[in-house]
Amino acid sequence: MPQTPEEESLGSLVAQASSHISDLVRSEIELAKAEFRFDAKRVGTAGGLFAAAAFMAHLCLILASFAIAYALAQWMPNWLAFLIVTVFYLVVAGLLVFIGVRRLKGLAGMKRTARSIKGLKEIATSEAHLPAPRPDREPVTRDGA
């Protein structure tokens, strides 16, 4: 015959609560795993779609380059038209590298983290070097005397 809540011991109530909490934690972990798997699949699919779009855009850039070169070839020799398009892309690539290098030079490193670690180090070393007790005061013993 099952006991009523008033008749159950404190120990059995605590055991039940502990069991319920562990079941809840396990369920929450499983839910988080399921959500992560779902989100990871979506991110992977989106990443693949972005890669395909970038590849297609690259192909369009190549075709546009040929179209521009052939359009320029109407007024100048073919070699000069293709050379102009090539030099244009080299200038753009050089400009992008220049901007990238300037952005990298602007990196400050982890100044705040280094400062924080230095502060922790100073705190730790200052506790290790506590001042010695002054001779005018006697140390307190275990019995309080």
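Residues numbered from 1 in each chain as written. Predicted model: local features only at pLDDT ≥ 70, side-chain atom pairs only at ≥ 80, totals over all residues. Heavy atoms only, no water.

What is the right way to look at the packing of aromatic side chains in this model?
Aromatic ring pairs are described here by two measures, namely the spacing of the ring centres and the angle between the planes. A full pass over the atoms with the stated rule returns three aromatic pairs. Ring centres 5.4 Å apart and planes at 90° place the aromatic pair Tyr 70 and Phe 82 in the edge-to-face group. With a gap of twelve residues between them, Tyr 70 in helix H1 (residues 10-72) and Phe 82 in helix H2 (residues 78-105) connect regions that are remote in the sequence. The class for Tyr 70 is partly exposed, based on a relative accessible area of 48%. Its relative accessible area of 27% is what places Phe 82 among the partly exposed residues. (Phe/Tyr/Trp six-rings, centres within 6.5 Å; stacked < 30°, edge-to-face > 60°. Helix = DSSP H or I, 4+ residues; strand = E, 2+ residues; numbered from the N terminus. Buried < 20%, exposed > 50% of the residue type's maximum accessible area, 1.4 Å probe, protein only.)

Quick question: what am I supposed to make of the confidence of the model for the protein here?
Fine structural detail should not be taken from predicted coordinates in areas where pLDDT scores are low. With 81% of its residues at a pLDDT of 70 or more, the protein shows a mean pLDDT of 82. Looking across the protein, the model is least confident in helix H3 (residues 111-128), with a mean pLDDT of 72, and most confident in H2, with 93. (pLDDT = per-residue confidence, 0-100.)

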